[in-house]
Amino acid sequence: MSDWGPVLIAVVLFVLLSPGLLFQLPGRHRVVEFGNMHTSGLSILVHTILYFGLITVLLIAIGVHIHAG
């Protein structure tokens, strides 16, 4: 049996936390901007830290597992 939980969680978080796609934190003119399709070095750093924190909580602390057989 293969465990697809880490793969699925990583892909979903990567898509949702891509800077500028859904939101950008910090934005160019405001703290949070939605759907502006632009990015900056600082927003890449912030989104990387958010990604690392969420994936750590979901995979290690909670232990999400999806088994396909």
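The rules behind the values
Residues numbered from 1 in each chain as written. Predicted model: local features only at pLDDT ≥ 70, side-chain atom pairs only at ≥ 80, totals over all residues. Heavy atoms only, no water. Helix = DSSP H or I, 4+ residues; strand = E, 2+ residues; numbered from the N terminus. Expected span 1.5 Å × (residues − 1). Contact = heavy atoms within 4.5 Å. Polar contact = N/O pair within 3.5 Å; in protein donor to acceptor, adjacent residues only side chain to side chain. Core = buried A, V, L, I, M, F, W, Y, C linked by side-chain atoms within 4.5 Å. Buried < 20%, exposed > 50% of the residue type's maximum accessible area, 1.4 Å probe, protein only. UniProt positions renumbered as here; feature names shortened; annotations may be inferred.

(A) Representation of helix α1 (residues 5–16) in the model. Here α1 is twelve residues long and its end C-alpha atoms lie 16 Å apart, about the 16 Å a rise of 1.5 Å per residue gives. Among the structural elements, β1 (2–3) and α2 (41–62) are those in contact with the buried residues of α1.

(B) The side chain of Ser 18, seen in detail. Considering the arrangement of structural elements, one finds Ser 18 in the loop between α1 and β2 (23–24). There is a polar contact of 2.7 Å between the side chain of Ser 18 and the backbone oxygen of Phe 14. In this structure Ser 18 touches Phe 23 and His 47, once residues within four positions along its chain are discounted.

(C) How the structure looks around the environment of His 65. By secondary structure assignment, the location of His 65 is in the loop between α2 and β4 (67–68). Look past the residues within four positions of His 65 in its chain and what remains in contact with it is Asp 3 and Gly 5. A distance of 2.8 Å separates polar atoms of two side chains, one belonging to His 65 and the other to Asp 3.

(D) Quick peek at the nonpolar core. If you look at the biggest cluster of nonpolar residues, it comprises five residues: Ile 9, Leu 13, Leu 17, Phe 23 and Ile 55. Not counting the four nearest positions on each side in its chain, Leu 13 is found in contact with Tyr 51, Leu 54, Ile 55 and Leu 58.

(E) Main features of the UniProt feature "transmembrane region" (unreviewed entry) in the protein chain. In this structure's numbering, the residues bearing the UniProt feature "transmembrane region" (unreviewed entry) are residues 6–23 and 44–66. With 61% helix and 6% strand, the stretch residues 6–23 has end C-alpha atoms that lie 23 Å from each other. Between the end C-alpha atoms of residues 44–66 the distance is 29 Å, and the span holds 83% helix and 0% strand.

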